[in-house]
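This is what each chain is made of:
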Amino acid sequence: MMLGALGVMACGGAGGAVQVEVLEDEVAQVVPVGGGKARTVPRSTLPPGAREGDVVRDGRLDAELGARLAREVAEWRARLAVPVPDGLDLDSGASGSLTADKEQ
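1. Topic: the sheet that holds strand β4 (residues 55-57)
- With respect to topology, 5 strands assemble into an open sheet ordered β3-β2-β1-β4-β5, the strand pairing being antiparallel. Edge positions in the sheet fall to β3 (39-42) and β5 (60-61), since each has one partner strand and no second.
- Here β4 pairs with β5 via 2 bridges, running antiparallel. Directly across from Val-56, in β5, lies its bridge partner Leu-61.
- Running at roughly 140 degrees to β4, helix α2 (residues 63-80) makes contact with β1 (17-23), β4 and β5 of the sheet.

Put into C-alpha cells, the structure is as follows:
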C-alpha cells in the first residue's frame with residue numbers, strides 16, 4: 001500500500017507535476033516541476049512510454065507542460081549564449097588537448 005501511495009504522489013497525483021530526470025531498469029528519479037528535492041520511485045509507477053525529460057501529472061504524461069518547459073529552457077540558454085565576434089576563428093590554432101601537460 002505504501003508503495004502505491006508513493007507512486008501516486010511521486011507521479012503528480014497530489015495536484016503537482018514531476019519531471020523524469022533519470023530512468024534506470026527498475027527505478028526512476030523524478031523532480032517536482034517548479035523545484036524541489038529529487039525522489040527515487042519505482043519505474044513501474046510511471047506511465048508506459050515515459051522518457052527522461054517527460055513531465056508526469058496525475059499519473060499521465062503531460063506533453064503540453066513538457067513542451068513548455070523545453071521551450072523555457074531553450075530560451076534561457078539562448079539568453080546566456082555569447083555571440084562570437086565576426087572574424088574570430090575558434091577552430092584555428094587549437095592544438096590537441098588544453099591539458100596535455102597535466103595528462104603526462
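2. Let's talk about the side chain of Asp-54
- Summarising the element assignment, Asp-54 is placed in the loop between β3 and β4.
- For Asp-54, which is buried and forms no salt bridge, the nearest opposite charge comes from Arg-51, at a distance of 4.0 Å.
- Within the structure, the side chain of Asp-54 is placed 2.8 Å from the backbone nitrogen of Arg-51, a separation counted as a polar contact.

Rules used in this analysis
Residues numbered from 1 in each chain as written. Predicted model: local features only at pLDDT ≥ 70, side-chain atom pairs only at ≥ 80, totals over all residues. Heavy atoms only, no water. Pairing = 2+ DSSP bridges. Helix = DSSP H or I, 4+ residues; strand = E, 2+ residues; numbered from the N terminus. Contact = heavy atoms within 4.5 Å. Axes fitted to C-alpha atoms, helices over the stretch in contact; angles between N-to-C directions. Buried < 20%, exposed > 50% of the residue type's maximum accessible area, 1.4 Å probe, protein only. Lys, Arg positive; Asp, Glu negative; His and termini not counted. Salt bridge = Lys/Arg side-chain N within 4 Å of Asp/Glu carboxyl O. Polar contact = N/O pair within 3.5 Å; in protein donor to acceptor, adjacent residues only side chain to side chain.

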